[in-house]
Every structure is written in structure tokens, then in C-alpha cells.
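Observations on the three-dimensional arrangement
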Amino acid sequence: MIKRITALILTVCLLLSVSGCGFIMDQIETSKIETMVQESLGEYFDSKGSFDLNSKAKKKYDLSDLAEEQKVLGSYVLSKCSGFEIKETKVNDGRKSAQCTVEFYKVPDLSSIDILIATSDEYEDEIDSLKKKTVKISFKLVKNKNDEWIYSDLNKFFDTFVAPLKELCILDDEGNPLNITAAYIDAFYQESVWYDPLMGNPAEGDTLVSPVALVNYFYFKQPMVLTLTAVLMRDGDEVSRIEVNVNNSVVAKCDFDAGLTVGSSSFEAGSYTVAIMSGDITIAESADIRVR
């Protein structure tokens, strides 16, 4: 009997020892996580967004389409926040993943911005007037190959603090766009028209016979100052692209000469379209025109 009792006591002690060791290990990992989160988010806010937070994430958030002027506006947004606090950290079984919940205070509610085309000063005034709110984000964390804690991704964070800025078109003091957005296109783009390259008039119908050039005019509702790229496609494949300068004009003329474009006296048969782009953003695309 004594042996059985002794064995039972030892078993209980062993279980308590293992359980206690696990608790201590969880606390060590929690401390590492919270240190990383505190330091990385702190540096991001202190630098007004210039710190590369993606360097601490397994999956990078795509910021490549954020215009420089939008980044500056993002810095202004961060300057209006009053800080953050880690509320809870949970280490999962195996200590290879975790969740860390953080609250961010007095965050301007960018989702309620009701102007999509404005100058930087006008946007700052708009941001100042926005309702401030507390934002709670639960970050998922994993360990990298160096056994260091990093964010699994930063989607929820950047969707809150950055994504809404991508919709904003920022104007210079003369009213010209510093970046092109869908809202700007909707506000000022009107239509596109195919022209007969020989007559210089709008084409009749949707077919041209052995044209020496393909010419399309994109019309705007007011004079614009833009540098665009026009891309000519045949049956879905790119044929050529040219630079088109719009200098205080209501039209962007896209003129593709057959000799210069395809090294021939005329374009071969097929269905053609042309799109105008600002950087990687497609502003508008023409209707199809058939060549035979």
C-alpha cells in the first residue's frame, strides 16, 4: 500500500512539474511576443509610417500602389492617433503560433471620408473632422526560421490605416491630379471614339479595312494635364504601347501608325482595343474595332 501511495505522489508531482514548466515556457514566449509587437508598432507610429513594418511579417502587405502623396497623408493620420496598448496574448499549443490583441486609440475613421478628390490641405481638414474611434486588432503570429516571433500577416492593420488612402485622389494647387484613382476617372472621363485614319473623322461603324493607322480619341469633361500610356491590343494580346501627353486639353489622342508599330503598311485583321493608363492604373478602355 505504501508503495502505491508513494508512486501516486510521485506521479502527481511529476505532472505538476511538467505543467509548471509549460506555464513558465508560455510566459517566456508571451514576453517575447509582446516585446516584438510593442517595439515594431511603436517604431511604426514614431516614424509616422516610414518604418518597414512588413519586415516583421511572414506575408508582406502590398504597398507598391500607394502614391507618395498618399503616404504623406498616411503620416498625418498616424500623427492623430493617441497610441496603442497590448490587451491580451495567447500562445497556442506547441508554441509555434500565437495571437496578440492590441487596441489603438483615437484612430480617425477613414471609412467615413466623403471626399475622394481634394488637395492635401483639404484632406487634412477632413481628417481633423472625422470621428475618432478605438480599433481592436488581433494579430496572428508565427515563428520564422530563426525561431523569432513575427506577424503572420498585417492585413487587418493596413486595411485600417492604409487601404482607405488608396481611394483618395490628391490634387496640386492648380487642380491637377498627383495620383489617379477610380473616383477621378469617374468624375472627369467622358468617352472614347475611334477615328478614320484617312478622313480624320469619327469612324462609321465598327470596322476598318486595311488601316494605315489606328486612331482613338479619349475625351474628358474638362481640360486635363496628364502623361498617359496608351496600350493597343489585338485579340487580347498587346501589340504596342506609346506615351500620350495631355497638355491642358480635353482629349488624349492615341495614334498608332502601322509602319512604326508593326513594320507594315497596314494592320492585320483582328479585333483591336486601346486602353489608357496612368502608371499601373487603367483609366479607360475603348470599344472593339474590327480590322479586315
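The following refers to the structure shown. (Residues numbered from 1 in each chain as written. Predicted model: local features only at pLDDT ≥ 70, side-chain atom pairs only at ≥ 80, totals over all residues. Heavy atoms only, no water.)

Under the defined criterion, the tally for this structure stands at 22 aromatic pairs. Judged by centre distance (5.7 Å) and plane angle (75°), the rings of Phe-267 and Tyr-272 are edge-to-face. For Tyr-272, a relative accessible area of 0% puts it in the buried group. Taken together through their ring pairs, the aromatic side chains of Tyr-44, Phe-45, Tyr-61, Phe-84, Phe-104, Phe-139, Tyr-151, Phe-157, Phe-158 and Phe-161 make up a single cluster. (Phe/Tyr/Trp six-rings, centres within 6.5 Å; stacked < 30°, edge-to-face > 60°. Buried < 20%, exposed > 50% of the residue type's maximum accessible area, 1.4 Å probe, protein only.)

Moving on, we get to the side chain of Thr-101. Position of Thr-101 among the secondary structure elements: in strand E3 (residues 97–108). Overall, Thr-101 belongs to the buried group, its relative accessible area being 14%. Residues within four places of Thr-101 in sequence aside, it is in contact with Glu-85, Ile-86, Lys-87, Glu-88, Lys-136, Ile-137 and Ser-138. (Helix = DSSP H or I, 4+ residues; strand = E, 2+ residues; numbered from the N terminus. Contact = heavy atoms within 4.5 Å.)

In this section: the environment of Ser-266. Following the sequence through the fold, Ser-266 ends up in the loop between helix H6 (258–262) and strand E12 (270–278). Sequence spacing of Ser-266 and Phe-157 is 109 residues, and the spatial spacing of their C-alpha atoms is 53 Å. Contacts of Ser-266, omitting those with residues within four sequence positions, involve Ser-210, Pro-211, Val-212 and Ala-258.

What follows deals with the nonpolar core. Among the nonpolar cores identified, the biggest contains 44 residues, and Val-37, Leu-41, Phe-104, Phe-139, Tyr-151 and Phe-157 are the most heavily contacted of them. Of all the elements in the fold, those that place two or more residues in this core are helix H1 (2–46), helix H2 (68–80), strand E2 (83–91), E3, helix H3 (120–129), strand E5 (132–143), strand E6 (149–153) and helix H4 (155–161). It is H1 that contributes the most residues to this core, 6 residues altogether. When near neighbours in sequence (up to four residues on either side) are disregarded, Tyr-151 contacts Met-36, Val-37, Ser-40, Leu-41, Leu-53, Lys-56, Ala-57, Lys-58, Phe-139, Lys-140 and Leu-141. (Core = buried A, V, L, I, M, F, W, Y, C linked by side-chain atoms within 4.5 Å.)

Shape descriptors only; they carry no functional weight alone.
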